[in-house]
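Architecture at a glance
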Amino acid sequence: MVLKLTALAASLGLEFHGDDCEIAGVNTLEKAGPNELSFLANPKYVAQLDSTRAGAVIVAQTQATRPGRLLVSADPYLDFCRAVELFALRQGSFFGVSPLAALASDLVLGLGCTIYPFVFVGPRTVIGANTTIFPGCYVGEDCRIGSGCTLYPNVVLMAGTEIGDKVTLNPGAVLGSEGFGFAPSATGLRKIPQIGRVIVGDRVEIGANTAIDRAALDATVIGSGVKIDNLVQIGHNVTIGDNSILVAQVGISGSTKVGKGVTMAGQAGISGHIEIGDGATVGPQAGVGHSVAAGKTVGGHPAMERVTYLRCLAVMPKLPDMARRINQLEKELAALKLAIGKGGTDG
Amino acid sequence: MVLKLTALAASLGLEFHGDDCEIAGVNTLEKAGPNELSFLANPKYVAQLDSTRAGAVIVAQTQATRPGRLLVSADPYLDFCRAVELFALRQGSFFGVSPLAALASDLVLGLGCTIYPFVFVGPRTVIGANTTIFPGCYVGEDCRIGSGCTLYPNVVLMAGTEIGDKVTLNPGAVLGSEGFGFAPSATGLRKIPQIGRVIVGDRVEIGANTAIDRAALDATVIGSGVKIDNLVQIGHNVTIGDNSILVAQVGISGSTKVGKGVTMAGQAGISGHIEIGDGATVGPQAGVGHSVAAGKTVGGHPAMERVTYLRCLAVMPKLPDMARRINQLEKELAALKLAIGKGGTDG
Amino acid sequence: MVLKLTALAASLGLEFHGDDCEIAGVNTLEKAGPNELSFLANPKYVAQLDSTRAGAVIVAQTQATRPGRLLVSADPYLDFCRAVELFALRQGSFFGVSPLAALASDLVLGLGCTIYPFVFVGPRTVIGANTTIFPGCYVGEDCRIGSGCTLYPNVVLMAGTEIGDKVTLNPGAVLGSEGFGFAPSATGLRKIPQIGRVIVGDRVEIGANTAIDRAALDATVIGSGVKIDNLVQIGHNVTIGDNSILVAQVGISGSTKVGKGVTMAGQAGISGHIEIGDGATVGPQAGVGHSVAAGKTVGGHPAMERVTYLRCLAVMPKLPDMARRINQLEKELAALKLAIGKGGTDG
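Just so it is clear, the model here is predicted, and its values are computed rather than measured.

**Details of the environment of Thr220(B)**
Residue and element names in this part refer to chain B. Looking at the element boundaries, Thr 220 is found in strand 26 (residues 219-222). Residues Thr 220 and Asn 237, 17 residues apart in the sequence, show an inter-C-alpha distance of 4.4 Å. With residues near it in sequence (within four places) discarded, Thr 220 still touches Gly 196, Val 198, Ile 212, Asp 213, Arg 214, Ala 215, Ile 234, His 236, Asn 237 and Val 238.

**Notes on the relation of the copies chain A and chain C**
Least-squares fitting of chain A to chain C yields an RMSD of 0.0 Å, with the transformation described by 0.0 Å of translation along the axis and a rotation of 120 degrees. Accordingly, the operation relating the two chain copies is best matched by a three-fold axis. Each copy contacts the other with its own distinct surface, as only 18% of the interface residues of chain A are interface residues in chain C too.

**Concerning the relation of the copies chain B and chain A**
Between the two copies, chain B and chain A, the superposition gives an RMSD of 0.1 Å; the rotation angle is 120 degrees and the shift along the axis is 0.0 Å. Counting the interface residues of chain B, we find that no more than 18% of their copies in chain A are interface residues as well, pointing to two distinct contact surfaces.

**Section: the domain arrangement of chain A**
Per the domain assignment, the segments making up chain A are domain 1 (3-87) and domain 2 (102-308). Computed from C-alpha coordinates alone, the two centres of domain 1 of chain A and domain 2 of chain A are separated by 37 Å.

**Section: helix 1 (residues 5-12) of chain B**
Residues and elements named next belong to chain B. The complete set of buried residues in helix 1 reads Leu 5, Leu 8 and Ala 9. The arc enclosing the buried residues of helix 1, seen along the axis, measures out at 100 degrees, which places them on a common side. With respect to the buried face of helix 1, the exposed residues turned more than 90 degrees away are Ala 7 and Ala 10. Those residues of helix 1 that are buried lie in contact with strand 1 (3-4), strand 2 (15-17), strand 3 (22-23), strand 6 (56-60), strand 7 (70-73) and helix 3 (76-87). Backbone geometry just after helix 1 places Gly 13 at a positive phi near 70 degrees.

**Some remarks on the interface of chain B and chain A**
Taken together, the contacts link 60 residues of chain B with 56 residues of chain A. At 10 residues, helix 5 (residues 319-340) of chain B tops the list of elements feeding residues into the side of chain B that touches chain A. Of the residues assigned to the side of chain B that touches chain A, the class counts are 31 nonpolar, 20 polar and 9 charged.

What counts as what
Residues numbered from 1 in each chain as written. Chains lettered and ligands numbered in written order. Predicted model: local features only at pLDDT ≥ 70, side-chain atom pairs only at ≥ 80, totals over all residues. Helix = DSSP H or I, 4+ residues; strand = E, 2+ residues; numbered from the N terminus. Contact = placed C-beta atoms within 7 Å. Least-squares fit on C-alpha atoms with pLDDT ≥ 70 in both. Domains from an automatic or database assignment. Buried ≥ 20, exposed ≤ 12 C-beta atoms within 10 Å, placed from the backbone. Arc of directions from axis to C-beta. Nonpolar A, V, L, I, M, F, W, Y, C, P; charged D, E, K, R; others polar.

Right, dumping it as structure tokens:
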């Protein structure tokens, strides 16, 4: 797609400085060519404005007086994102319902849906309009999928999974795997049948090869607007509040309740049966064994409040030195006691 | 399915107090309705017995005198699990062997098996009775799968994989991926062909998107009764003893031997070429670099014995304060030496 | 395959001691039988030379005078690897292009390729000679796959992915999933379209269920000779230099640049927007929040230089004792001050 720069500025509602040209794509300041639009959001990179070959740049008001083709924005990054959306190509090449898919005869399919070859959909499932299901996906019986969703290749929804509108499931994501539940018995571990399901809200993104277990009895629930990265583990009966963000390789054990607007950094691990309050933040690789109050930031293993955690990070490399100094103090104190004849008074 | 409560109690072999009613399902005390059975196992939730809307509750002997419909049990949780099994629906909607599967002509298939569409099975493979293989599964050549197994969608068994009876493989689980083996050579890393396979015992559960590498030469072995959660990594040549439990995101490096009845909590990492003794327990996120003796509990990074680890967890948040107090001690001791004229006697 | 031992020695270019015999396979010293070849590389296992039942053993010059059938090598492990390659069976049972695959009509396919059933390939894709694509793989539009590659079952390449020659992608690996990019906006998180792709060099190995996100605008790049283990997460815009090694469950956040010949041990986590210099080494479970200079070895959370990290590992279990000793020092010092009447001079 090629757009006139003036038309692009108008479409984004941005003030435009300079002469018109044609824009065919978007790129970083470093890599953009004469037919590409770029942006400057971080003042750290302001020097790149002099060297960039970009055809035009979205800048903040503070840069509006520079020479060259500029689109002036109150939020350059956000407006650049809007521009990217204009140039984004749709992933995929197939439209309509493939005769090579295996679909239950009672499937209720909205208008504008695409079902690729090698998709399996079980009975009593309903799929909303304009949803695309890529090859190798499995949708079990009694599922509900909203409209405008994308199921990338090899996504699995086990029976009864419910998905809202505008949900994106990246390749290999699994929703509704068996919860990990076993009861000790006289003859060894006894498997507890996991008869619940997974419910997902609107505008949720779920990463590649992420696994979300179905509940033992009821439902594992992912709120609307939640963003889940790749390779995340979510145990049975977990609930995640709206608009929370889980970065890659986070693991949440069974029955834990995560509030709204929570952020968990990569590889954090959360114990089962605890609560993470609304707006809380969990640091990378944190090991959270106890509930976290709303709005708190925690980090480390064991998870500590932010200030303590940051201080611990600073102290940690000094540990060997601290051990040496304690030895030294003990020696000096003993010597001092001896010198002043107080060796026997305490300890 | 709807059962008379009296019939249900008889079927479970439990003493029953109260009048009869119809039970259509199972649920938690908090969520159960008048036609659902619930249970009280944890005394912490005893207050919920007053507020629950459950039609009947399985309780311990200590609660047997309460009003309402009660089933009295020596182990309420275990008996509830048995009740859940009665109400559990079978996942899946398809029966028989699909003409849309690609099966080797010499496949030996037991009675009562289900093979969904888009399953591929290679030559010289044998599958026992009553095993179900969901869509998108790949079973390579020379595999052996026992009876009563479930391969959920998109499970991969590479050539020569052997699976016992009553094994459940969750979606996306991979058995027999290439081991990670490279030898340094003059021209860079040289790949070591991984010509072994994976052998799995009876009653094993393997989680979604878990990966188990095939051995370099021989076999990676998973003992009977082992329960493996989602997103677990098991390297080549590893052996896992019977009835061990690996929680989500655990990683075990190549050639390590894990004993029987071992428990590893989530995100623990185990080095290669070591031994974890029978009945040992490894804490969450632990980093285990050395062998662990049978029956020991370890935690932390580096992995420490349980008592030391628990004390470290308690001390960790005090680290910054400890550093401050060492500074203070040094100052005070120096001041004291100066004051008493002993500054030059040592250090 | 059965080879005469003399022919095998000649083929490997190794000096041979003993009488001829037939060799049908390769195995460890412990498990090899009379028709199998083994090796001794680690002097720790020299005693096994006396007890092994192996038909022949590859040994170093230092063992060349022992009795029995020996192949003498300057690098026994490397030469054993070469022998393993001779006996390695090719995974897979199918040859040619399956009529059960769904291939775009404009697919350019090299000589000697194998495309299994249930493979989907989108338009404008080019695949080199002798490449094998197992069942359940998805190759999107505009992809380039080199020659001699293996895509094991259920591998996903999203649109525009480019793969060099002799690349192995293990089952369930995903290349080109959507990068995790969201911009805060007045109405909540706004998804940033991820319109880039993934480029992979030659002789790369990628593990089972590993996920590599496509770039936001440009390309996520994996250099030639890179070896990536199972369940690794690589964020958008990351670049990995040639011949680097990423062990299982490593996670690398977006836009980080990893140099050439870098080694990252299992479960290490690397922050976004930093640089890991050529030849650096990152320890297991390390949490790397800052750039690492070329050639450095770091470990721990936070990541510390090697010597500091090793000392910290040694000190860590002594933390509770250190805390106790600080308490004790404070008491003793206070008592001493009191005893000599200096309690009020400082602190």
